[in-house]
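Next come the chains, spelled out residue by residue.
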Amino acid sequence: MNIQTAAFRCSSQRLSQCPPDERPEFAFIGRSNVGKSSLINLLTGRTGLAKVSGTPGKTRLINHFTINDEWSLVDLPGYGYAKVSRRERSGFSSLITDYVLNREQLYYLFVLVDARHEPQRIDLAFIRFLGEHGVPFGIVFTKADKLSGAQLRRNVENYRKQLAEEWEELPRMFVTSSERGQGRDEILDFIENCLARN
C-alpha cells in the first residue's frame, strides 16, 4: 500500500464524539511507552503525525487520522499500569472498552507489545478480553531492533507458547522496528488486503 495522504482528523474524549463516517478503522493500542506513536509515524511516513513522548500515558484521547481518504487509523490511549485480574476488566478505561466493544467502524485492532519483555500480565489479560468478546485483532511486537535475532525469535516463541495454552488458533503476529522500518510493508499490505475484502 502506498500512503499518499495522512491527515489528523479529530480527537475524541468519548465514543459518542467519534466521527460518524463509514470508513473502516484500524486501531492501535498497547501499554504506555510501547512505541505506538513511532509505529504510526513509520506506517504513514509522516514524522510527527502522532506525537512521540517519553512520558508514559501521554495519549489520553482517541485520535483519528484519515489515510488516503479511504480508511482511518485510530490511536487509542494506552492501558497503563492498572492491575487486572482474570475476571475483571476494570484495568482498562471505559473509553477503551467502549470503543473496542461498541465502535461499529472498527475493522481490526493492532495490539502492540514490547518485544524485549516476557509476556506481561496486563497484555495477556487484554488479549484474553478481546478474545472473549470476539474482537478481531493481531499482535505487533515493537522495538525488534533492541534485540539480537536469536533473542527476538525466542521472545516471540515464548509469546506463542503462552497464548497456545488458552487459544486454539493464535492471532496474527507482526514484528516491527520503527528505527529500521521493519514490519511496515507487512502491516500495510495486511490492511490493504482487508480493505479489498471489505
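These figures come from a predicted structure and were not determined experimentally.

(A) Structural view of the confidence of the model for the protein. Here the protein averages 88 in pLDDT, and 89% of its residues register 70 or above. Low pLDDT, under 50, characterises residues 54-58; the stretch is placed with 6 contacts to residues that sit more than four places away or in other chains. The low-confidence segment residues 81-90, where pLDDT is below 50, has 17 contacts with residues more than four positions distant or belonging to other chains.

(B) Expanded view of the environment of R14. When you line up the elements, R14 lands in the loop between β1 (6-12) and β2 (25-30). Residue R14 is classed as partly exposed on the basis of its relative accessible area, which comes to 45%. Once the C-alpha coordinates of R14 and D98 are considered, the two residues, 84 residues apart in sequence, prove to be 8.2 Å apart.

(C) Geometry of the packing of aromatic side chains. Applying the stated criterion across every chain yields a total of 13 aromatic pairs. Relative to Y107, the ring of F26 lies with its centre 5.4 Å away and its plane at 40°, an arrangement referred to as tilted. Separated by 81 residues along the polypeptide, F26 in strand β2 and Y107 in strand β5 (residues 106-114) bring together distant segments of the chain. The class for F26 is buried, based on a relative accessible area of 0%. Through successive ring pairs, a cluster of aromatic residues spans F28, Y108, F110, F174 and F190.

Thresholds, definitions, all that
Residues numbered from 1 in each chain as written. Predicted model: local features only at pLDDT ≥ 70, side-chain atom pairs only at ≥ 80, totals over all residues. Heavy atoms only, no water. pLDDT = per-residue confidence, 0-100. Contact = heavy atoms within 4.5 Å. Helix = DSSP H or I, 4+ residues; strand = E, 2+ residues; numbered from the N terminus. Buried < 20%, exposed > 50% of the residue type's maximum accessible area, 1.4 Å probe, protein only. Phe/Tyr/Trp six-rings, centres within 6.5 Å; stacked < 30°, edge-to-face > 60°.

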